[in-house]
Amino acid sequence: MEIEKAVKGRRSIRMFKPDEVPQEIIREILDEARWSPSWGNTQPWELYVVTGDTLERFKKANRQKSLDGEVASSEITMPEVWPDNLKKRYTGVGKSVLTSLSIAREDVDGRNAYYGDMFNLFGAPCMILACLDKSLNIEYAMLDVGLIMQTICLLAHDKGLGTCMLAASVRYPGLLRDMLPIPEDRVIVIGTAMGYPDLEAPVNNFERKRADLDEMVTWVS
Ligand SMILES: Cc1cc2nc3c(=O)[nH]c(=O)nc-3n(C[C@H](O)[C@H](O)[C@H](O)COP(=O)(O)O)c2cc1C
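Residues numbered from 1 in each chain as written. Predicted model: local features only at pLDDT ≥ 70, side-chain atom pairs only at ≥ 80, totals over all residues. Heavy atoms only, no water.

**Q** Which parts of the structure should I look at to understand the environment of Gly162?
**A** As for its position among the elements, Gly162 is in strand S3 (residues 162-166). The spacing of Gly162 and Ser12 is 150 residues in sequence and 7.3 Å in space, taken between C-alpha atoms. The residues contacting Gly162, other than those within four sequence positions of it, are Ile13, Phe16, Ala193, Met194, Gly195 and Pro197. (Helix = DSSP H or I, 4+ residues; strand = E, 2+ residues; numbered from the N terminus. Contact = heavy atoms within 4.5 Å.)

Right, here's the structure in full:
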């Protein structure tokens, strides 16, 4: 696939088919993604591929915590406030998602069910979880994690798979620590849901927006 087509065609998938992703394909994606750049070629990312019964148990428990309204305890700081223009974009994507699912703003039960589904990783049969060694300068190493995650998402897209990077996958890290062999001195950063996309689902087809180039670029010569 051409790079431009891959970059523009990748989108966050919020409804997956239950079909498992063959392990050889996941391995191929990760093997290719190893070529992502990183600070001084340090390659600080530590990845866990979570599938099968373990993932099903995690999704169920994660969803339940969300439905119970349990307070999140992410191991990395997550943003809670934004400048107005960014906040508008954030609420904008939320509105597009709910509208595509025909969930009205005032439908609290509908919204909660949707959030439950998000914490259920939208039904994905695979999650790639990234951790970092706590002794690193985490702020900078986060760039490296972002780079490999985007590379993974693009490669997955190229192979007909869908992905969604999900803060919702790491808001209750205690669950992950109970189920996965993550050493104490590692920090849980982000999980990406992966699986075959339901291409017909409106939630995977709504029009996405991006800021105009002039809003983000200053040309200097
Ligand atoms: C670090 C990160 C965390 C994200 N967490 C979530 C999440 O918890 N729930 C969700 O629905 N989407 C999540 N997303 C997806 C973004 O909403 C999405 O990338 C953005 O709206 C742009 O849309 P696109 O990916 O379809 O181009 C996350 C994306 C990133 C990069």
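**Q** I tried to follow the site of the ligand on my own but got confused; where do I start?
**A** Near the ligand there are 16 residues, and of these Ser12, Arg14, Ala167, Arg208 and Arg210 occur at the shortest range. Ser12 places a polar side-chain atom, nitrogen or oxygen, 2.6 Å from an oxygen atom of the ligand. Elements that contribute at least two residues to the shell around the ligand include exactly helix H5 (108-119) and S3. The greatest single-element share of the shell around the ligand, amounting to 3 residues, is contributed by S3. Partitioning the shell around the ligand into residue classes produces 10 nonpolar, 1 polar and 5 charged. (Near = heavy atom within 4 Å. Polar contact = N/O pair within 3.5 Å; in protein donor to acceptor, adjacent residues only side chain to side chain. Nonpolar A, V, L, I, M, F, W, Y, C, P; charged D, E, K, R; others polar.)

**Q** Would you mind showing me how to read a nonpolar patch on the surface here?
**A** Residues Trp39, Tyr140 and Leu143 make up a contiguous nonpolar surface patch of roughly 370 Å² in combined accessible area. Along the chain, Tyr140 falls in helix H6 (residues 138-158). (Patch = residues over 30% accessible without salt bridge, like charges linked within 9 Å, V, L, I, M, F, W, Y side chains within 5 Å. Areas by Shrake-Rupley, 256 points an atom, 1.4 Å probe, with all protein chains shown as cover. Salt bridge = Lys/Arg side-chain N within 4 Å of Asp/Glu carboxyl O.)

**Q** What exactly am I supposed to notice about the nonpolar core here?
**A** Soluble globular proteins tend to pack their nonpolar side chains together in the buried interior. Counting 33 residues, the largest nonpolar core has Leu121, Leu129, Leu176 and Ile182 as its most contacted members. Those elements giving two or more residues to this core turn out to be strand S1 (46-51), helix H3 (52-67), helix H4 (84-100), H5, strand S2 (126-133), S3, helix H7 (173-179) and strand S4 (186-195). Residue contacts for Leu176: discarding those within four places in its chain leaves Phe58, Met127, Leu129, Ser169, Val170, Ile182 and Ile188. Listed in part, the 23 residues of the second largest apolar core include Val21, Ile29, Ala141 and Ile190. (Core = buried A, V, L, I, M, F, W, Y, C linked by side-chain atoms within 4.5 Å. Buried < 20%, exposed > 50% of the residue type's maximum accessible area, 1.4 Å probe, protein only.)

**Q** Explanation requested: the packing of helix H2 (residues 23-33) against H6 in the structure shown.
**A** Describing two packed helices takes the angle between their axes plus the distance from one axis to the other. Their axes nearest at 9 Å, the elements H2 and H6 cross at an angle of 135°. Classified by the angle between their axes, H2 and H6 sit oblique to one another. Regarding H2 and H6, the two cross each other, and that crossing is right-handed. Facing H2, whose interface residues are Ile29, Leu30, Glu32 and Ala33, H6 presents Ile148, Thr151, Ile152, Leu155 and Ala156. By residue class, the composition of the contact of H2 with H6 is 7 nonpolar, 1 polar and 1 charged. (Axes fitted to C-alpha atoms, helices over the stretch in contact; angles between N-to-C directions. Parallel < 35°, antiparallel > 145°, perpendicular 65-115°, else oblique. Left-handed = near helix turned anticlockwise from the far one by under 90°.)

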